[in-house]
Amino acid sequence: MIQKKFKGSLFKDKRGHLVEIIPKKINKKFIYSIVTYSKRNVLRGMHYNKNQEEEKLVYILDGEILDVTVNLNNGKNFGKIKYTKLKKNDILYIPKGFAHGYKCIGKSNTVLYLLTQKYLAKNNLGFIWNDKKFKIKWPIKNPILSGKDKNLKEYITK
């Protein structure tokens, strides 16, 4: 399956509503989840799984982000960048072999990740957000970064 954007299936009644987060078209087993809370101009990424075994669903609980993925799979699409603007109730499926990051656009942004792999620090790699090899067009010059993301290096081809 390729990277794909979905809307959460929303069901309403007099009590409120519920949202199905895993679209029926995605037949994957997600075993790990993370929620991030970020303010405007936070940039998270670019992160990827060392073994390229991880698949992700990114669900926007609140706010708006510019989601960026880079194809790290060997072949003609290596290095291809995809930009996807996501807002509340949007879902993005990210297949194996992609680096992932995002810039927070909303004042307050809450993102839920569902992952097919448990987090292991030794398998979690990344490259610097402004890597010269990929030339990602981030709409920001001085993002707010974690200490870890500030210290990431440029991507090294295998």
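What this report covers is the structure whose coordinates are included nearby. (Residues numbered from 1 in each chain as written. Predicted model: local features only at pLDDT ≥ 70, side-chain atom pairs only at ≥ 80, totals over all residues. Heavy atoms only, no water.)

Quick notes on the layout of surface pockets
Rolled over the atoms, a probe with the dimensions of a water molecule shows which regions are left empty.
Next, step 1: As a volume, the largest pocket reaches approximately 390 Å³.
Next, step 2: Surrounding the largest pocket, 20 residues form its lining, Ile34, His47, Lys56, Tyr119 and Asn124 being those nearest its centre.
Next, step 3: Counting only elements with at least two residues in the lining of the largest pocket, the list comes to strand E4 (32-39), strand E5 (43-49), strand E11 (108-115) and helix H1 (147-150).
Next, step 4: Top contributing element to the lining of the largest pocket by residue count: E5, with 4 residues.
Next, step 5: Lining the second largest pocket, in full, are Ile2, Gln3, Thr69, Asn71, Asn77, Lys80, Ile81, Lys82 and Phe98.
Next, step 6: Its residues assigned to classes, the lining of the second largest pocket comprises 3 nonpolar, 4 polar and 2 charged. (1 Å grid on protein atoms, 1.4 Å probe; cavity = no way out; pocket = protein on both sides within 12 Å on 5 of 7 lines; lining within 4 Å. Points joined across faces, edges and corners; volume = space filled by probe spheres on them. Helix = DSSP H or I, 4+ residues; strand = E, 2+ residues; numbered from the N terminus. Nonpolar A, V, L, I, M, F, W, Y, C, P; charged D, E, K, R; others polar.)

Regarding the sheet that holds strand E10 (residues 98-104)
Next, step 1: An order of E8-E7-E10-E5-E12 is seen for the 5 strands of this open sheet, with the pairing classed as antiparallel. Strands with a single pairing partner mark the edges of an open sheet, and in this sheet they are strand E8 (81-87) and strand E12 (124-126). Neighbour-to-neighbour, the strand axes of this sheet turn through a mean angle of 30°, independent of strand direction. (Pairing = 2+ DSSP bridges. Axes fitted to C-alpha atoms, helices over the stretch in contact; angles between N-to-C directions.)

Looking at the nonpolar core
Next, step 1: Counting 18 residues, the largest nonpolar core has Met46, Val70, Leu72, Phe127, Ile136 and Trp138 as the members making the most contacts within it.
Next, step 2: Elements represented by at least two residues in this core include exactly E5 and strand E7 (64-71).
Next, step 3: In contact with methionine 46, other than residues within four places in its own chain, are Val68, Thr69, Val70, Ala99, His100, Gly101, Leu125, Gly126, Phe127, Ile136, Trp138 and Leu152.
Next, step 4: Among the nonpolar cores identified, the runner-up in size contains 13 residues, and Val58, Leu92, Phe98 and Leu115 belong to it. (Core = buried A, V, L, I, M, F, W, Y, C linked by side-chain atoms within 4.5 Å. Buried < 20%, exposed > 50% of the residue type's maximum accessible area, 1.4 Å probe, protein only. Contact = heavy atoms within 4.5 Å.)

Things to note about the pattern of salt bridges
Next, step 1: Using the criterion set out here, one finds 7 salt bridges in the structure.
Next, step 2: Linking aspartate 90 and lysine 7 is a salt bridge whose minimum nitrogen-to-oxygen distance equals 2.8 Å. Linking aspartate 90 in strand E9 (residues 90-94) with lysine 7 in strand E1 (residues 4-7), this pair joins segments that are 83 residues apart in sequence.
Next, step 3: Residue aspartate 90 is classed as buried on the basis of its relative accessible area, which comes to 1%. (Salt bridge = Lys/Arg side-chain N within 4 Å of Asp/Glu carboxyl O.)

Re the sheet that holds E9
Next, step 1: The strand order across the open sheet built from 5 strands is E1-E9-E6-E11-E4, with neighbouring strands paired in antiparallel fashion. The sheet terminates laterally at E1 and E4, the two strands that pair on one side only. Between one strand axis and the next, the sheet turns by 20° as a mean value, whatever way the strands run.
Next, step 2: Pairing geometry for E1 and E9, over 4 bridges, is antiparallel. Paired with phenylalanine 6 across the strands is isoleucine 91, a residue of E9.

Things to note about the side chain of glutamine 3
Next, step 1: Relative to the helices and strands, glutamine 3 is located in the segment before E1.
Next, step 2: For glutamine 3, a relative accessible area of 9% translates into the label buried.
Next, step 3: One polar contact links glutamine 3 to threonine 69, side chain to side chain, over a distance of 2.5 Å.
Next, step 4: Discounting residues that sit within four places of it in the chain, glutamine 3 has contacts with Thr69, Lys82, Thr84, Leu92, Tyr93, Pro95 and Phe98. (Polar contact = N/O pair within 3.5 Å; in protein donor to acceptor, adjacent residues only side chain to side chain.)

Describing the side chain of asparagine 109
Next, step 1: On the secondary structure map, asparagine 109 appears in strand E11.
Next, step 2: Looking at asparagine 109, the relative accessible area reads 1%, which means it is buried.
Next, step 3: In terms of polar contacts, asparagine 109 uses its side chain to reach the backbone amide nitrogen of glutamate 64, at 2.9 Å.
Next, step 4: A polar contact of 2.7 Å, which involves the side chain of asparagine 109, links it to the backbone oxygen of glycine 106.
Next, step 5: Asparagine 109 has contacts with Thr36, Tyr37, Ser38, Lys39, Arg40, Asp62, Gly63, Glu64, Ile65 and Cys104, leaving out every residue within four places of it along the chain.

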